[in-house]
Amino acid sequence: RICTTLVEIAYSELNTFKVNPSIDFLFKFSRIFNLPSMINTHLYRRYVTIVFKKSNQEFILEIVKYIIEKKPKISPKIFEILLGHSLKYLKNVDEGTLKILWEFLSNKIESKQTNLTAAILICIIRLISKNSPPNDALKKIFENLQWTISSPDVHIVIYSIKLSCELVKHNLMTSQFYYQI
């Protein structure tokens, strides 16, 4: 009964968000998805549709800039949801923002924050499909792909393999690293 009430309130909040989108509300509301039982639900799919698929591009770009500039204290799952979906549904990104994004993600993966590694790999995969990384970011990605691909965490290994496939697909994989894998 409590769970049903929680979901009904969440739907009401999402409908309110549709009318009046707000970054503060988005970050507070997204915390509900820290509960594993809330992922892969109709509520989650509706959230993605309202916040990312049907949202205007300026708002999605605002989410990206907020995460990069303010560095809010959010869980790795929320980081993955907000930045990952923003990158997936963001259509046109200017060169300056792309440069900042590549620097942000390559520095994050270089810092070897294991709790964020899977989320960062997902974001890099989504960003590569939009734009090739600059050489310095690509170098950091290759250096860190060596340790992520042999990580004890299965999710990190899977995303490392997906990233490797994306690099090959976009002709960004060096032959030296390709044969090391």
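The structure displayed is predicted, hence computed values, not measured ones. (Residues numbered from 1 in each chain as written. Predicted model: local features only at pLDDT ≥ 70, side-chain atom pairs only at ≥ 80, totals over all residues. Heavy atoms only, no water.)

K.L.:
Which parts of the structure should I look at to understand the side chain of Lys 140?
P.N.:
Locating Lys 140 in the fold gives a position in helix 8 (residues 135–148). In contact with Lys 140, not counting residues within four places along its chain, are Ser 106, Asn 107 and Glu 110. (Helix = DSSP H or I, 4+ residues; strand = E, 2+ residues; numbered from the N terminus. Contact = heavy atoms within 4.5 Å.)

K.L.:
So what exactly am I meant to see when it comes to the packing of helix 5 (residues 76–89) against helix 7 (residues 117–128) here?
P.N.:
In the contact formed by helix 5 and helix 7, the axes pass within 9 Å of each other and the chain directions differ by 0 degrees. One element, helix 5, and the other, helix 7, form an angle in the roughly parallel class. The residues of helix 7 that touch helix 5, namely those facing Pro 76, Phe 79, Glu 80, Leu 83, Gly 84, His 85, Leu 87 and Lys 88, are Ala 119, Ile 120, Ile 122, Cys 123, Arg 126 and Leu 127. Class assignment of the residues belonging to the contact of helix 5 with helix 7 gives a composition of nine nonpolar, two polar and three charged. (Axes fitted to C-alpha atoms, helices over the stretch in contact; angles between N-to-C directions. Parallel < 35°, antiparallel > 145°, perpendicular 65-115°, else oblique. Nonpolar A, V, L, I, M, F, W, Y, C, P; charged D, E, K, R; others polar.)

K.L.:
Help me understand the environment of Thr 49, please; the structure alone is not making it clear to me.
P.N.:
Here Thr 49 lies in helix 3 (residues 42–53). For Thr 49, a relative accessible area of 25% translates into the label partly exposed. A polar contact is formed between the side chain of Thr 49 and the backbone oxygen of Arg 45, at a distance of 2.9 Å. (Buried < 20%, exposed > 50% of the residue type's maximum accessible area, 1.4 Å probe, protein only. Polar contact = N/O pair within 3.5 Å; in protein donor to acceptor, adjacent residues only side chain to side chain.)

K.L.:
What's the story with the pattern of salt bridges in this structure? I'm lost.
P.N.:
Side chains carrying opposite charge are able to pair once their charged atoms draw close together. Applying the stated criterion across every chain yields a total of three salt bridges. Salt-bridge contacts for Lys 140 lead to Glu 110; the nearest nitrogen and oxygen are separated by 3.8 Å. Residue Lys 140 is found in helix 8, and its partner Glu 110 is found in helix 6 (residues 95–110); the two are separated by 30 residues along the sequence. Classification of Lys 140 as buried rests on a relative accessible area of 18%. Between Lys 169 and Glu 166 there is a salt bridge; the shortest N-O distance is 3.6 Å. In this pair, Lys 169 and Glu 166 both sit in helix 9 (residues 154–169), three residues apart, roughly one turn of the helix. Lys 169 sits in the exposed class, given a relative accessible area of 58%. (Salt bridge = Lys/Arg side-chain N within 4 Å of Asp/Glu carboxyl O.)

These values are about where atoms sit, not about what they do.
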